[in-house]
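# Geometric and topological summary
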Amino acid sequence: MFETNDPTPDTREHQPIDSMEGARAVAEKLRARMRHDVMGRDEVIELVLVALFGDGHLLLEDYPGSGKTTLAKALGNAIIDDLPDDEIPDFRRIQFTPDLLPSDVTGVMVFDTDSNTFHFRRGPVFAYVVLVDEINRTSPKVQSALLEAMAEKQVTVDNVSHRLDELFFVIATQNPLDSIGTYPLPLAQLDRFLFKIRMEHVNRAAELEILESWGKPRKACTLPSVNRGDVVEARHFIRHNVRVTKSIHECLVDIAQTIRDDRRCTQGVSTRSLVLAIPALQTLAMLRGRDYVSPDDIEHLAVPLFQHRLALVPGVSNPTDIVRAALPKALETLSRTTLRA
Amino acid sequence: MNARAAIAQEPLRHEVESLPVLFAKWLVYGAAVVLYLLPLATEQAIGASIGALAVGMLLARFAHTRALRLPVTLVLAGLCVLLAFVAGQWLLDTSTGFGSRLTLILSDAVFFSLLSLGMIVALRSLSMRARVFSVLEVAFVVGAVAYTFVGHRNHMIHRPRFLSDWAWSNGWDPQMLLQAFGVVAVLASLVMLLRVQSVFKLILSALTLLLVAALFFLYAKDVRIDQDVDTNGLGLTDQEQKDKGDKGRGGQDGDGDGNGGGVNQDNPYNTPSSAPDIVVPVAIAVFHDDYEPKGGLYYFRQQVLSRYNGHHLVVAGSDTDQDVITEFPQNETLSAEPVQVMDAHLQVPTSMFLLVDHPQPLALTNSVSVSPLENPNPRHFVSAYGVVSYTLSMDYDRLLGRRSIPDSWAPEKKAHYLELPDDPRYKALSDIIVRDLDPRFAQDDVMKAFAIKRYLEKQGFYTRKENHEDAVDPAADFLFGSMRGYCVHFAHAATFLFRSQGIAARVALGYAVDNQYRTGGSTVMILNDRAHAWPEIFIEGVGWITFDIYPEQSDEPPGRIVDQDLESVLGELARNDKTAGKAADPDSKPLEIPWRAIWLGFLVALAAFLALAYLIKAFRRLMRFGSAFKVQRRIFVATLDGLGDLGFIREEGETRERYARRLQDLSPSLAGLTDAHLAWAFGSASRPDLEQTRALSRKVREELAKNLPLWRRVAGWINPVGWWFTR
């Protein structure tokens, strides 16, 4: 028997989002907050926004000390919890270690002596923005516990499923070089992340700026933040109002097919990845002030969307080239459709 | 990224040619194999070999994609070649029950197809593995053409027969055809350099090359291809020309370098010791009437040597030997001192056509006049002239009783023709020779001459192996030594012996063509290995007569039969028959290529193409009807056409937005126009209206006008095919 512990439904205290400008304003506020806290990471911030509004999760592959926690924290802080009753915090960070157990992530049943019943105590995944640090350092058991949360937005403990918040957004990180004692994520799990972003070191100017600002008393961020409900509504709005034509679908399928046919790939991209790609493309179009998905969006997102989903033949290690090679033909076909009747 | 990772990043290297390129290469290989095998194999074997080529190319491709190791492939190919020999021979040795003819055909086919298979697998595998080995493929193709047409060298213009006969019979010079073949062979061999490329590129490059080659061919088709170094027109002085010419002629008797002149005129002894390796025709003589020489030899004289320079005879000054014409006629007939007794001679008019430059005109002895002729075929003949010769019709024995030196000769002239080395042995030997003459003829000059001739013929040994060049007097070294030598020695020795007996004598240089190695006809082909030197004596009342020595002993191989076909082809060319006598009907017109019509057709096609292109351009630029959706698209297309005219073309795979960003500096408004178009195309809810689109399009045009120089825009207006690149 399943018992669901639903959080209370949305309360609508905020302005409803009913225009492209409204949705974009929400995104721009978040972008401004994150840019205030994280310097020199504009491209990553854009992809974070795309993933957030595209209802996907993010895998950051980067070096220690590259600002990923700051980034996730900035995002969490920028979202105001407009549902104080549900006791879900804005932001949680989980450091994955080899001795972590699934219950450390999902939560645990606790016996309450007052009522002689078991109570579910929520784990750290119950948050809007969850930073999962070093995801490949924990055992597959814990990894897969997180997976259910990511895919279904719920956790199951003792056969009872607990819904997570609708705005559940995971930013996972892993170190690309230091692979001793790790449990690399299998493809099936990687496939659930919308993007895998490889963060490069920030440029010189940004790094200097970071050093200069260090140690000075930071002014509290006065930039406006957004409501959790705004983000959720913006998501819905984007989903329903940014046009995706059939030709865009065809282009995605063409790219997938080309990647699958590539001799360097033993496994190509999944259909799920194409499904996940649509809201991401819509979000990027919105961020760029359009209400339709254009070929440029596909070109921009194809590499972060697909590169982590490929299994390669021995000797080949750069999936980016394969994705890039698949683009021109499909994009050309797509571009040519616009001049045709 | 470490080095190992960098290596791993490289894509797998199993790239192979696309099938159409492979097909093109197969065609080229097939043509080459046909050329190689045509003289060797049966038709069936050639067909089987071409099939084997296709199989071999596919096998090599398969082996390459499967990353079969190169040494393994090569060993397999080698085994295949080995199998060709074994299987071919085995089929011949065993009784197959097919009958002898079928067995032969089968064995031939198996042998050549297996050979082709092994060869193609090896060649293809090598060239696919490393680009440098493509050179082998090119060499294979070029080699086929060279191998086939190599016979055409050295004026052998009737070879290869299958091509030359056909070309001549259509009135074409095979040389032109061969040049065209050469061009095609080069183009075809370029196909062999192709790697992984598109057919479109192949065709385009081939067409471009063909155009260049055709232009070059048109320019070069009338250029005479000759190994001769033409010293004229190089700005040399007369002396240098002479030196250079002499050097060129120096080895004429032996090495056959193609330059005319026969025996070295400056030092006749300085000639190589073997017959020329390459026999080439140097001239054609066409007789106007039937004529056969009395002794079976045609003597074509070029120069005479009569002055003794202390070592050998050389050309005398211009006041002596005036019966010999040593200059080519320019515009008027050159006449020589006439022969004294007309009824002792037969008048023989001939036309001479030189294939190789000579310093003096060749003419049948004894020529009295040389007149200019129009060169019927400048591509093959360097000069043409008519000759009237008076050949001795009287039998030699009828000359008996005549004296050599007439009384009318001045003492200087007499002394000139009797001058000989200061060596008493000549006189002593000739005295011994004439001592045994019948007393009745003891004082007869002709009889004495005959006695000397007989002596040399009996005692002398003709060989090219000894030239006595280092001796102080080579003639003496020959005559009083081994008596072994060749024409120059015999001619000099005879001349000195004649002179010692008071007979006026000199050495003539030229060519002696033996009638017995010909098969008749009025054309005589003179080959370079017929160069000869012979003595001439003067007989009072008759003039200079050929008095050649025919040694009875000789180590020379018998003369070669003259190639009758070549003789007749050259003869017909000399008679200005464009079909070289190959057409069945002598009056048939040679096949004409309608160049005019082809040009006209080409121009009309070009004009039609341009008209159509401009029509389409104008139509696309001006067309503005239809729904709002169509109109915005047409406005956008017209803008893109304009950019295409200017050379700003969206690349394959480039998104429209990126294209617009690329041209950001040139036309900032293009991005807006592109967005407007994409909003329409991708179903935006807020599409800009047509007025905005029009305004943006106008703005793009204004920006282009502002940012581009006038000539660039004019070129854009003229460009007929910019729209082709709009996509």
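Residues numbered from 1 in each chain as written. Chains lettered and ligands numbered in written order. Predicted model: local features only at pLDDT ≥ 70, side-chain atom pairs only at ≥ 80, totals over all residues. Heavy atoms only, no water.

### Looking at the interface of chain A and chain B
Interfaces are often described in size by the accessible area the parts lose on coming together. Selection criterion: Contacts are assigned to residue pairs with any non-hydrogen atoms lying within 4.5 Å of each other. Here the quantity called buried area is the total loss of accessible area, with a 1.4 Å probe, experienced by two parts when brought into contact, counted for both. Between Lys or Arg on one side and Asp or Glu on the other, a salt bridge is scored when a side-chain nitrogen of the former is within 4 Å of a carboxyl oxygen of the latter. In protein, a polar contact means a hydrogen-donor-capable atom and an acceptor-capable atom, both N or O and within 3.5 Å, with residues adjacent in sequence counting only if both atoms are side-chain atoms; elsewhere, any N or O pair within 3.5 Å suffices. Numbering of helices and strands runs from the N terminus, with a helix taken as a DSSP run of H or I at least four residues long and a strand as a DSSP run of E at least two residues long. Each residue is assigned to one class: nonpolar for Ala, Val, Leu, Ile, Met, Phe, Trp, Tyr, Cys and Pro, charged for Asp, Glu, Lys and Arg, and polar for all the others, Gly among them.
Every contact between the two is made by 29 residues of chain A and, on the other side, 31 residues of chain B. Among the residues chain A hides against chain B, the three largest losses belong to Tyr 292, Thr 338 and Leu 339 of chain A. Together they make up 27% of the total. For the pair chain A and chain B, the number of links is 5 salt bridges. Asp 296 of chain A is the salt-bridge partner of Arg 661 of chain B, the closest N and O atoms lying 2.8 Å from each other. At the boundary of chain A with chain B, the tally comes to 15 residue pairs in polar contact (both at pLDDT 80 or more). Of all the secondary structure elements, the ones that give two or more residues to the side of chain A that touches chain B are helix H9 (246-261), helix H11 (295-306) and helix H12 (319-337) of chain A. Tallied by class, residues from the side of chain A that touches chain B come to 11 nonpolar, 8 polar and 10 charged.

### Some details on the nonpolar core
Heads up, the condition is: We define a nonpolar core as any set of buried Ala, Val, Leu, Ile, Met, Phe, Trp, Tyr and Cys residues linked to one another through side-chain atoms lying within 4.5 Å. Type-normalised accessible area, obtained with a 1.4 Å probe on protein chains alone, sets the label of each residue: buried when under 20%, exposed when over 50%, and partly exposed for intermediate values.
One finds Leu 30, Phe 53, Phe 195, Ile 259 and Phe 306 of chain A to be the most contacted residues of the largest nonpolar core, which totals 84 residues. Apart from the residues within four sequence positions on either side, Leu 30 of chain A is in contact with Leu 49, Leu 52, Phe 53, Leu 75, Ala 78, Ile 79, Val 226 and Val 231 of chain A. In terms of nonpolar packing, the next biggest core, distinct from the first, is built from 45 residues, Leu 399, Ala 451, Ala 533 and Phe 547 of chain B among them.

### Description of the environment of Gly 143 of chain B
All names here are of chain B. Following the sequence through the fold, Gly 143 ends up in helix H6 (residues 134-149). According to the relative accessible area criterion, Gly 143 is partly exposed, its value standing at 22%. As a C-alpha pair, Gly 143 and Ala 32 span 111 residues in sequence and 8.3 Å in three-dimensional space.

### Side note on the sheet that holds strand S1 (residues 58-61) of chain A
Residues and elements named next belong to chain A. For the record, the criterion: Any two strands between which DSSP finds at least two bridges are classified as paired. The axes used here are C-alpha line fits, helices contributing only the stretch in contact, and every angle between their N-to-C directions lies in the interval 0 to 180 degrees.
Here 5 strands make up an open sheet; going across it, the order is S3-S6-S9-S1-S10 and the pairing parallel. At either end of the open sheet lies a strand with only one pairing partner, and these are strand S3 (91-95) and strand S10 (195-198). Looking at each pair of strands side by side, their axes are set apart by 20 degrees on average, direction ignored. Lying on the sheet, helix H2 (residues 42-53) is in contact with S1, strand S9 (169-174) and S10; it crosses S10 at an angle near 170 degrees.

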